[in-house]
Amino acid sequence: MCRSGFSKIVAVTVLLALSACATPPSHINDVCAVFDQNDGWFDNWQAAAERAEQKYGVPVPVLMATVRKESGFKSNSKPPRTKLLGFIPWKRVSSAAGFSQALDGTWAQYQSETGSWAARRTKFADAVDFVGWYHSKTADTLGVARNDTYNLYLAYYLGWTAYKRGERGDAGVQRYARATEQMARDYAAQLRQCAP
């Protein structure tokens with residue numbers, strides 16, 4: 001009888017843990033709430049973001065603002081499909097996928113350079129590590145400061161080659177980068193107030 005009750009508790013706990021992983025945070029503009037909603041044993045977003053910060057030197061607010069702007073913290077996020085003949089769903093505009101919206105080629109480069117062959121774009125810890133890696137390479141190769149959210153995001157959005165050529169996107173892209181910069185500032189202020 002006791003063993004049966006314990007098995008049920010374990011099964012319910014596992015189901016709750018798995019369902020928490022599949023649910024995007026409900027308050028994505030509050031980093032404390034995002035971390036509170038995803039603080040499980042197997043999938044602790046704050047710990048993952050802090051590991052990426054330690055590894056790459058990119059502050060947690062910059063990492064989290066990038067993921068927030070790219071996917072809204074949705075693991076299965078993908079660009080919309082184009083329409084064939086104006087109404088038939090067709091190909092997607094790019095291969096971007098997951099939390100980080102990493103393109104297939106860039107994700108493969110990340111896996112190769114870091115040896116993270118099992119990394120998945122739909123797993124938050126892998127995605128935030130990817131963002132840290134990408135921003136760190138931007139800092140090292142293009143001279144952008146690791147806390148310069150605006151330029152880090154422009155390089156992330158446009159790609160290293162375009163950014164190096166001096167491209168900075170149109171007014172819409174620049175507004176988006178400014179919004180990401182503001183989100184990082186907001187997240188930094190919120191993190192100072194998070195409950196321990």
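Keep in mind that what you see is a predicted model, and the values were worked out from it rather than measured.

Conventions used here
- Residues numbered from 1 in each chain as written.
- Predicted model: local features only at pLDDT ≥ 70, side-chain atom pairs only at ≥ 80, totals over all residues.
- Heavy atoms only, no water.
- Salt bridge = Lys/Arg side-chain N within 4 Å of Asp/Glu carboxyl O.
- Helix = DSSP H or I, 4+ residues; strand = E, 2+ residues; numbered from the N terminus.
- Buried < 20%, exposed > 50% of the residue type's maximum accessible area, 1.4 Å probe, protein only.
- pLDDT = per-residue confidence, 0-100.
- Contact = heavy atoms within 4.5 Å.
- Core = buried A, V, L, I, M, F, W, Y, C linked by side-chain atoms within 4.5 Å.

With the rule as written, the count across this model stands at 6 salt bridges. Between R121 and D104 there is a salt bridge, with the nearest N and O atoms lying 2.8 Å from each other. A residue pair is termed long-range when its members are at least 10 positions apart, and R121 in the loop between α5 (104-114) and α6 (124-142) and D104 in helix α5 qualify at 17 residues. For D104, a relative accessible area of 43% translates into the label partly exposed. Of the charged contacts, one joins D140 and R146 as a salt bridge, the two residues approaching to 2.9 Å between their closest N and O atoms. On the basis of relative accessible area, R146 is assigned to the partly exposed category, the value being 26%.

Moving on, we come to the confidence of the model for the chain. Confidence along the chain averages 85 in pLDDT terms, with 79% of residues attaining 70 or more. For the stretch residues 8-21, pLDDT sits under 50, and the model shows 2 contacts to residues farther than four places along the chain or on other chains.

Time to look at the nonpolar core. Side chains that are nonpolar tend, in soluble globular proteins, to be buried together. Counting 44 residues, the largest nonpolar core has M64, F73, F124 and F130 as the members making the most contacts within it. A total of 8 residues in this core trace back to one element, the largest contributor, which is α6. Residue contacts for M64: discarding those within four places in its chain leaves V31, V34, F35, A49, F73, F124 and Y187.

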